[in-house]
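# Coordinates in review
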Amino acid sequence: MCFRCISLFAGPVAAAEVSGPALCREWLINDQSQLRKHSKDPRSSTDLVELQSLARVRRYPLSSLSNLHLNQEDALREATELHRAHGDALVAVSTPRRFQHDVEQTADALRKVAAEAKIHIVLGIAPPEDANFEVQVATVVSQLASGIRTDADAEGGLFPGFIGEIDAADLQSLRAAVEAHRVSQAPLLLVGEISHDALQLLEGAIWRRCAFFDVPITSPMSVAELQARGAFIGFSAPAGAADISWQEYPYRRPLRTEQDFHAATDLLSLTSSGLRFRTDLTAYGGPGLGYAVDLVSAGRAEPSQLTANAVAFLSYPWVAPLAPEKVIHEIPCHWCGTKKVEGEHFSKMDALN
């Protein structure tokens, strides 16, 4: 059992090996195209994200299909720049399951990004939405213990490192996630408002292994109350350095300006750049994946302390899965009456030797 580790794609890594900045809620690869129907742009724009359309897409971020998709190439470009600017960084990717085409493909793409960009990436896992409670819990616990991909030709294991992100308003997923968290003791990352019903489900959680990200001021359970229970508190940097959207949209971060972010510093124990739209990428005029690191450095928070907090949150007693038992099938020999291993060569003359 490894008590002080962070579970990355190939298994646990000693916490002492992580020294650079840590970002704990990023959607490095995602497909949010299903949100297009919520756009309130009167022009119903489908523009690509380009210099001449940048301002309008930032006003209506759901209006452009191009803005609602980040691929492996985008992730690699941002991760490479993060490493160039800040060295040995740690990024926790928490893209909601509904915004992933295929969990295994996403994990495999992020493994390649981590290797090529030379950063640590920790992947979150969430319960499948179209399953009953028992299947949801079993899926998460199994993937944490044995990995997402188990085929013999796999290029190394793909191990999630935490449960999340989980929208606290989704009580069905929350219930399954809390139970999987309780069984596995894996870190649990929650986002959004914490209602009294959600708090009731969380009573069975291990609070020191829970992180609450981007909890708005309107939440029935306040950030201060969550922190008093021993949980980690995280906030994402404002989208695009300043969120200027004219419409509300799902999963919108509550801090809209840099001033808001700095004002929340006293409550801050984890952070992220909130990367999710194409307009967040440096190649498209955004501040990029390293934005939160720069923003923290410019304020009162200590980047090294945030890294230590991230390591403490993501460390848990990960247990390597048991090796599968070898199954041997035997068949009876009608000639000599003995049993032989199926598939091994033998002949009736063996009985005479």
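In short, a report on the structure. All figures in this text were calculated on a predicted structure; none of them were measured in a lab. (Residues numbered from 1 in each chain as written. Predicted model: local features only at pLDDT ≥ 70, side-chain atom pairs only at ≥ 80, totals over all residues. Heavy atoms only, no water.)

## Structural notes on the sheet that holds strand E7 (residues 120–125)
Rules: Should DSSP find at least two bridges between two strands, the strands are regarded as paired. Only runs of H or I of at least four residues qualify as helices and only runs of E of at least two qualify as strands under DSSP, and these elements are numbered from the N terminus. All axes here are fitted lines through C-alpha atoms, helices being fitted over the stretch that makes contact, and every angle between N-to-C directions spans 0 to 180 degrees. Throughout, a contact is declared for two residues whenever any of their heavy atoms are within 4.5 Å.
Reading across the sheet, the eight strands line up as E3-E6-E7-E8-E9-E10-E11-E12 and stay open at both edges, with parallel pairing between neighbours. Since the sheet does not close on itself, it has two edges, and those belong to strand E3 (22–26) and strand E12 (270–272), each with one partner. Taken pair by pair, the neighbouring strands of this sheet meet at an average axis angle of 25°, ignoring direction. In the packing of helix H3 (residues 103–117) onto the sheet, contacts are made with strand E6 (90–93) and E7, and the angle to E7 comes to roughly 170°.

## Side note on unusual backbone geometry
Rule in force here: Only protein chains enter the area calculation, which uses a 1.4 Å probe; residues under 20% of their type maximum are buried, those over 50% are exposed, and those in between are partly exposed.
Backbone torsion omega between Gly164 and Glu165 reads 5°, so that peptide bond is classified as cis. With respect to the helices and strands, the residue Glu165 is situated in strand E8 (residues 162–167). Its identity is not glycine, yet Lys118 carries a phi of approximately 65°, on the positive side. Note that Lys118 resides in the loop between H3 and E7. Positive phi values are uncommon outside glycine, yet Ala241 reaches one of about 75°. Structurally, Ala241 is set in the loop between strand E11 (232–236) and helix H8 (258–263). A relative accessible area of 27% means that Ala241 is categorised as partly exposed.

## Comments concerning the pattern of salt bridges
What counts, and what does not: We count a salt bridge whenever a side-chain nitrogen from Lys or Arg sits within 4 Å of a carboxyl oxygen from Asp or Glu.
Enumeration according to the criterion identifies 15 salt bridges in this entry. Ionic pairing is found between Asp266 and Arg300, a salt bridge with its closest N-O pair at 3.3 Å. Remark: Arg300 occurs in the loop between helix H9 (291–297) and helix H10 (303–314) and Asp266 occurs in the loop between H8 and E12; sequence separation between them is 34 residues. As far as the burial class goes, Asp266 and Arg300 line up, both exposed. In this structure, a network of salt bridges that share partners links the residues Glu73, Asp74, Arg77 and Arg278.

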